[in-house]
Amino acid sequence: MIKIAPSILASDFSRLGEEVRMIEEAGADYVHIDVMDGRFVPNITVGPPVVLAVRKITNMVLDVHLMIVEPDKHIKSFIDAGADIVCIHQEATVHLERNIQYIKSLGAKAAVSLNPATDIDTLKYVLPDLDMVLIMSVNPGFGGQKYIKFCTEKIRSLRKMADAMNPGLDIEVDGGITLDNISEVVAAGANVIVAGSSIYKSKNPAKTIKKMREMTD
Ligand code: DX5
Ligand code: ZN
């Protein structure tokens, strides 16, 4: 069964607590927290204090997506704040292997994200060590963008690679996921689905989450 990870980037930050409780009641599995630094991506969002605030009010898995340069400087603060999964970008660090081991040594699950144009082969040697790979299906930096079509093929190739090297690998897809393309990405091999706008901006988020499950079960 897939995991659904609503991105709070699309939520109403003035009511963050209620927005998190709402998706928990609606049956979401993870809370996806998008951390942007204004350097790796053009936008700036939230830091460890917000992760801590969310940690205090939910038992859902906190899936922290770090779109920041020099992630090693901040990994510990996010884990101390309650991150369960820490995802760093392949493009944002020179020492990927070291950072993966660092995340794991601090007791969190290690994930690496790839921008749309980055080849999955860049992960070949570290794949056995990873808990999850996040395939960005938009260029990171903003919610509400359109799904980039070739990412479906990328997910399919990654699932094939994982079958051979790390069969338990979670494949997360992030960006532009809606009820219109969720079946396609799950059929290709994704099993963790990030959705910001399509959940938080829908009329009935709980119904949307339910539909996402029905369409992929
Ligand atoms: C984009 C973020 C995404 C984003 C997804 O840089 O990583 O998690 O919030 O938002 P939607 O689902 O609206 O594309
Ligand atoms: Zn994200």
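Coordinates for the structure precede this section.
Residues numbered from 1 in each chain as written. Chains lettered and ligands numbered in written order. Predicted model: local features only at pLDDT ≥ 70, side-chain atom pairs only at ≥ 80, totals over all residues. Heavy atoms only, no water.

Novice: When you look at the site of ligand 1 in this model, what are you seeing that I'm missing?
Specialist: Every one of the 20 residues lining ligand 1 counts as a neighbour, but Asp34, Gly141, Asp174, Gly196 and Ser197 are closest to it. Contact between ligand 1 and Gly176: an oxygen atom at 2.8 Å from a main-chain N or O atom of the residue. Most atoms of ligand 1, that is more than half of them, are within 2 Å of grid points of the largest pocket. Looking at the shell around ligand 1, the elements that each hand over two or more residues are β2 (30–36), β3 (61–67) and β8 (192–195). Broken down by element, the shell around ligand 1 gets its largest block of residues, three residues, from β2. Classifying every residue of the shell around ligand 1 by side-chain character gives eight nonpolar, ten polar and two charged. (Near = heavy atom within 4 Å. Polar contact = N/O pair within 3.5 Å; in protein donor to acceptor, adjacent residues only side chain to side chain. 1 Å grid on protein atoms, 1.4 Å probe; cavity = no way out; pocket = protein on both sides within 12 Å on 5 of 7 lines; lining within 4 Å. Sits in = over half its atoms within 2 Å of the grid points. Helix = DSSP H or I, 4+ residues; strand = E, 2+ residues; numbered from the N terminus. Nonpolar A, V, L, I, M, F, W, Y, C, P; charged D, E, K, R; others polar.)

Novice: Looking at this structure, I do not really get helix α1 (residues 16–25). What am I missing?
Specialist: Residue pairs three or four apart in sequence face the same way in an α-helix, which turns once every 3.6 residues. When we look at burial in α1, the residues that qualify are Leu16, Glu19, Val20 and Ile23. Relative to the axis of α1, the buried residues are bounded by an arc of 100° and lie together on one face. Turning to α1, the residues buried within the fold contact β1 (3–6), β2, α2 (48–57), α7 (197–200) and α8 (205–216). Within two residues after α1, Gly27 carries a phi angle of roughly 95°, on the positive side. (Buried < 20%, exposed > 50% of the residue type's maximum accessible area, 1.4 Å probe, protein only. Arc of directions from axis to C-beta. Contact = heavy atoms within 4.5 Å.)

Novice: Can you walk me through the coordination of the zinc ion (ligand 2) in this structure?
Specialist: Each donor-metal-donor angle in an ideal tetrahedron of four donors is 109.5 degrees, and each such angle in an ideal octahedron of six donors is either 90 or 180 degrees. The protein atoms that coordinate the zinc ion (ligand 2) are His32 (NE2), Asp34 (OD), His65 (ND1) and Asp174 (OD), at distances spanning 2.0 to 2.3 Å. Bound by six donor atoms, the zinc ion (ligand 2) shows angles of 70 to 169° at the metal and therefore octahedral coordination geometry. In the primary sequence, the donor residues of the zinc ion (ligand 2) line up as H-x1-D-x30-H-x108-D. Taken together, the residues span a long stretch of sequence, with His32 in strand β2 and Asp174 in strand β7 (residues 170–174) at a distance of 142 residues. Exposure remark for His32: the relative accessible area of 0% places this residue in the buried category. (Donors = N, O, S within 2.8 Å, 3.2 Å for Na, K, Ca; no water. Tetrahedral: all angles 85-135°; square planar, octahedral: opposite > 155°, others 65-115°.)

Novice: Quick question: what am I supposed to make of the side chain of Ser198 here?
Specialist: Looking at where Ser198 falls in the secondary structure, it is placed in helix α7. Of the polar contacts made by the side chain of Ser198, one reaches the backbone oxygen of Ile177; its length is 2.7 Å. With near-sequence residues (within four places) excluded, Ser198 lies in contact with Ile177, Thr178, Thr208 and Met212.

Novice: In this structure, what is going on with the side chain of Ser137? I would like to understand it.
Specialist: By the element assignment, Ser137 lies in the loop between β6 (132–136) and α5 (151–165). For Ser137, the side chain forms a polar contact with the main-chain oxygen of Gly175, separated by 2.7 Å. When neighbours within four sequence positions are excluded, Ser137 is seen to be in contact with Lys146, Tyr147, Ile148, Cys151, Val173, Asp174, Gly175 and Ile177.

Novice: Looking at this model, I keep getting lost on the packing of α1 against α2. Mind explaining?
Specialist: How two helices pack is summed up by the angle between their axes together with the distance between the axes. Packing of α1 against α2 brings their axes to within 10 Å, and their N-to-C directions diverge by 50°. Here α2 runs oblique to α1, going by the angle between their axes. For the crossing formed where α1 meets α2, the hand is right-handed. Contacts from Leu16, Gly17, Val20, Arg21 and Glu24 in α1 reach Val50, Val54 and Ile57 in α2. Among the residues making up the contact of α1 with α2, the classes are represented as five nonpolar, one polar and two charged. (Axes fitted to C-alpha atoms, helices over the stretch in contact; angles between N-to-C directions. Parallel < 35°, antiparallel > 145°, perpendicular 65-115°, else oblique. Left-handed = near helix turned anticlockwise from the far one by under 90°.)

Novice: In this structure, what is going on with the pattern of salt bridges? I would like to understand it.
Specialist: Think of it this way: side chains of opposite charge can pair up when their charged atoms draw near. Here the structure, examined in full by the defined rule, presents ten salt bridges. Note that Arg15 and Glu18 form a salt bridge whose closest N and O atoms lie 3.2 Å from each other. Residue Asp80 is joined to Lys76 by a salt bridge in which the shortest nitrogen-to-oxygen separation is 2.8 Å. Here the residue Asp80 and the residue Lys76 both occupy positions in helix α3 (residues 75–81), the gap between them amounting to four residues, near one helical turn. On the basis of relative accessible area, Asp80 is assigned to the exposed category, the value being 53%. One salt-bridge network, in which partners are shared between bridges, spans Asp12, Arg15, Glu18 and Glu19. (Salt bridge = Lys/Arg side-chain N within 4 Å of Asp/Glu carboxyl O.)

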